[in-house]
Amino acid sequence: MIRLFYVSTASASVDQKTIDQIVTKSNVWNVEHDITGALSFNGKNFGQILEGPEANVLMLMDLLKSDKRHSGLVEIRRISITQRAFYDWGLKLIEGPDFKDFIAIMHE
């Protein structure tokens, strides 16, 4: 399994309704593909951690790279893991202006 952290810049059209739709749809999709994680949006940028089987996470990353709701996706860090930090979340929205909690989780 891997844990991957990325950041990206939201499109100008992204609003709270868009964020809610992302979380709702991603929860279903992620559970179906054995992926867990968390998403943060600070009004301009997304930060997301994804965990799960490497092939599944990388397949999702390929889909995310073509998603028009954001651009400039940059993978910050990828690590091998033996257990999940977000074991019971298909995708949870975490509020906050920065991604310091995500950075801390990537260095556990």
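Residues numbered from 1 in each chain as written. Predicted model: local features only at pLDDT ≥ 70, side-chain atom pairs only at ≥ 80, totals over all residues. Heavy atoms only, no water.

## Points about helix α2 (residues 54–65)
Over its 12 residues, α2 extends 16 Å from the first C-alpha to the last, a length consistent with the 16 Å expected when each residue adds 1.5 Å. Within α2, burial applies to Val57, Leu60, Met61 and Leu64. Projection of α2 onto a plane perpendicular to its axis shows the buried side chains occupying an angular sector of 105°, all on one side. Facing away from the buried side of α2 by more than 90 degrees, the exposed set consists of Ala55 and Asp62. Looking at the buried positions of α2, the neighbouring elements they touch are β1 (2–10), α1 (16–32), β3 (45–52) and β4 (70–80). (Helix = DSSP H or I, 4+ residues; strand = E, 2+ residues; numbered from the N terminus. Expected span 1.5 Å × (residues − 1). Buried < 20%, exposed > 50% of the residue type's maximum accessible area, 1.4 Å probe, protein only. Arc of directions from axis to C-beta. Contact = heavy atoms within 4.5 Å.)

## As for the sheet that holds strand β2 (residues 36–41)
Strand pairs in the sheet, formed through backbone hydrogen bonds, run parallel or antiparallel to each other. Strand order in the open sheet formed by 5 strands is β4-β1-β3-β2-β5, and the pairing between neighbours is mixed. Among the strands making up the open sheet, the edge pair consists of β4 and β5 (92–94). Direction aside, the axes of adjacent strands within the sheet are offset by 20° on average. With 6 bridges joining them, β2 and β3 adopt antiparallel strand pairing. Within β3, the residue paired with Thr36 across the bridge is Glu51. (Pairing = 2+ DSSP bridges. Axes fitted to C-alpha atoms, helices over the stretch in contact; angles between N-to-C directions.)

## Observations concerning the side chain of Gln48
Checked against the element boundaries, Gln48 lands in strand β3. At a separation of 2.5 Å, a polar atom in the side chain of Gln48 contacts the side chain of Tyr6. Residues contacting Gln48, with those up to four places away along its chain left out, are Leu4, Phe5, Tyr6, Ala38, Leu39, Leu64, Leu91 and Phe102. (Polar contact = N/O pair within 3.5 Å; in protein donor to acceptor, adjacent residues only side chain to side chain.)

## Remarks on the pairing of β2
Of all 6 residues making up β2, 6 are buried, and the element is well covered by its neighbours. Burial along β2 is two-sided: the residues Thr36, Ala38 and Ser40 and Gly37, Leu39 and Phe41 are all buried. The hairpin formed by β2 and β3 contains 3 residues between the paired strands, and Gly43 there has a positive phi angle of roughly 100°. Summarising the sheet, β2 and β5 pair through 3 bridges and their orientation is parallel. What sits directly across from Leu39, in β5, is Leu93.

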